[in-house]
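Structural overview for review
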Amino acid sequence: MTLYPEIEPYDHGMLDVGDGNQVYWEMCGNPRGKPAVVLHGGPGSGANAYFPRLFDPAAYRIVLLDQRGAGRSTPPASAYDTDMSVNTTAHLIADLELLRRHLDVERWLVWGVSWGSVLGLRYAQTHPAAVSELVLTGIATGSDAEVALLTRGLGRIFPEAFERFVGELPEGERDGNLAAAYNRLLESPESEVRERAARAWTDWETAMMPAPPRSVARYEDPVFRMGFARTVTHYWGNDHFLRASEGDNGGGGSEGVDRGGVVLRDAPLLKGIPGTLVQGGLDLGNLLGVVWRLHHAWPGSELVVIDEAGHNAGAPGVAEALVAATDKYARRG
């Protein structure tokens, strides 16, 4: 696998984004290089040291951040008293703009994985002048159909794991929005209820990979597990806070939501922004054809499919394609 060497950040800090939140950021690579910002998945996964290895450190000024509630940002989503009402797509987009101005960046390449691709796409649609290029992988668009597939539709493929997943919910909560139902458990005042729900959610996440339940090391950390499950269900249970009538401001609930997908609807707004979509052919999200629809609706985008890869930015073939994309855009200056 062709990756650049691991590097240490040359600068970092905590940015006060309001609402009592401090967002952690760091920079590595060349301080005079082409700016690029990395958007992690989840929501709630946090940044990691793998991401900068997809960029030439001599060519890029690489900015990583932990989105609200994730990683080293405070307050953590894992803490019961953390206010999740101020953690929405609109807030994260505003945070990106605040960070861009704080770092004195005019335009930057936006790199995103999974949920980070949703955030990156919506950011580019609402702030096109700030985005020079997009490089996305594990692509999603945050539509209701995608959430329904991942929480209920895949139950036909993983029936035993799905039975356990649904079985953790009260009987009256098993027929509606499963992410919202789990989020209600994760907001319970009873710590035992929250912990049991977080474990059940991450067991379902690993079953979908697919992997034996509880085989992913990060899910064995109870703090990460709680923050991740709470944040994912918060977003998935609220339509990713994307509304049909929104400009740059999301909101909770289903009123006004474009249930076909706001990001796909607004894909033509990406015209003029070069982009590379790197997708595993075995990514289960492909069952809805979202990445192909996005590619065809986005003038100037490039789609690279790695047949034997799944939903993993580190998979062989995927990593090489991501490096090729960032190398190509580095030459654009």
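Below you will find a few notes about this structure.

Reading the values: the criteria
Residues numbered from 1 in each chain as written. Predicted model: local features only at pLDDT ≥ 70, side-chain atom pairs only at ≥ 80, totals over all residues. Heavy atoms only, no water. Helix = DSSP H or I, 4+ residues; strand = E, 2+ residues; numbered from the N terminus. Buried < 20%, exposed > 50% of the residue type's maximum accessible area, 1.4 Å probe, protein only. Pairing = 2+ DSSP bridges. Axes fitted to C-alpha atoms, helices over the stretch in contact; angles between N-to-C directions. Contact = heavy atoms within 4.5 Å. Nonpolar A, V, L, I, M, F, W, Y, C, P; charged D, E, K, R; others polar. Expected span 1.5 Å × (residues − 1). Salt bridge = Lys/Arg side-chain N within 4 Å of Asp/Glu carboxyl O. Right-handed = clockwise from strand over helix to strand, strands pointing away. Core = buried A, V, L, I, M, F, W, Y, C linked by side-chain atoms within 4.5 Å. Parallel < 35°, antiparallel > 145°, perpendicular 65-115°, else oblique. Left-handed = near helix turned anticlockwise from the far one by under 90°.

**With respect to the environment of Arg243**
Assignment of secondary structure puts Arg243 in the loop between α7 (222–236) and α8 (262–265). With a relative accessible area of 28%, Arg243 lands in the partly exposed category. Spatially, the C-alpha atom of Arg243 lies 8.8 Å from that of Gly261, the residues being 18 residues apart in sequence.

**Considering the pairing of strand β3 (residues 34–39)**
Of all six residues that make up β3, six are buried, and the element is covered over most of its length. Of the pairings in the sheet, the one linking β3 to strand β5 (residues 108–113) comprises four bridges and is parallel in character. Within the sheet, the bridge partner assigned to Ala36 lies in β5 and is Leu109.

**Examining the packing of helix α5 (residues 178–186) against helix α6 (residues 191–208)**
Running from N to C, α5 and α6 point in directions that differ by 145 degrees, and their axes come no closer than 8 Å. Residues Ala179, Tyr182, Leu185 and Leu186 of α5 form the contact with α6, whose participating residues are Val193, Arg194, Ala197, Ala198, Ala200 and Trp201. Grouping the amino acids of the contact of α5 with α6 by side-chain chemistry returns nine nonpolar, no polar and one charged.

**What about helix α1 (residues 89–102)?**
With 14 residues, α1 should reach 20 Å at 1.5 Å per residue; the first-to-last C-alpha distance of 20 Å fits that figure. Every buried residue belonging to α1 is among Thr89, Ala90, Leu92, Ile93, Asp95, Leu96, Glu97, Leu99 and Arg100, and all of these are buried. Asp104, located one to two residues past α1, shows a positive phi value of around 60 degrees.

**A closer look at the pattern of salt bridges**
Across all of its chains, the model carries 15 salt bridges by this definition. When the shortest N-O distance is used, the salt bridge between Arg184 and Glu173 registers 2.7 Å. Highlighted residues: Arg184 in helix α5 and Glu173 in the loop between α4 (159–167) and α5, separated in sequence by 11 residues. Taken together, the salt bridges that share partners define one network made up of Asp19, Arg68 and Asp95.

**Notes on the pairing of strand β8 (residues 301–306)**
Inspection of the sheet shows strand β7 (residues 275–280) paired to β8 by six bridges, in the parallel sense. Bridging from a neighbouring strand, Leu277 pairs with Leu303 of β8. For the crossover from β7 across helix α9 (residues 290–297) to β8, the handedness is right-handed.

**Structural notes on the nonpolar core**
If you look at the biggest cluster of nonpolar residues, it comprises 73 residues, and the most contacted ones within it are Leu134, Trp201 and Trp204. Setting aside anything within four residues of it in sequence, one finds Trp204 in contact with Leu150, Thr151, Leu154, Gly155, Phe158, Ala161, Phe162 and Phe165. Listed in part, the 27 residues of the second largest apolar core include Phe51, Ala313, Ala315 and Ala325.

**Comments concerning the packing of α4 against α6**
Axis separation between α4 and α6 bottoms out at 9 Å; the angle between their running directions is 165 degrees. One finds that α4 runs roughly antiparallel with respect to α6. Judged by the sense of rotation from one axis to the other, the crossing of α4 with α6 is left-handed. Contacts between α4 and α6 pair Ala161, Phe162 and Phe165 from the former with Ala200, Trp201, Trp204 and Ala207 from the latter. Split by residue class, the contact of α4 with α6 holds seven nonpolar, no polar and no charged.

**What about unusual backbone geometry?**
Residue Pro43 is reached from Gly42 by a cis peptide bond, and omega for that bond is 0 degrees. Tracing the backbone shows Pro43 in the loop between β3 and β4 (60–65). Looking along the chain, the bond that leaves Thr74 and enters Pro75 is cis, with omega of -5 degrees. If you check the backbone angles, Asp19 has positive phi at about 60 degrees while not being a glycine. Here Asp19 is to be found in the loop between β1 (11–18) and β2 (21–29). The class for Asp19 is partly exposed, based on a relative accessible area of 48%. The residue Phe241 is not glycine, and still its phi comes out positive at about 55 degrees. Along the chain, Phe241 turns up in the loop between α7 and α8.

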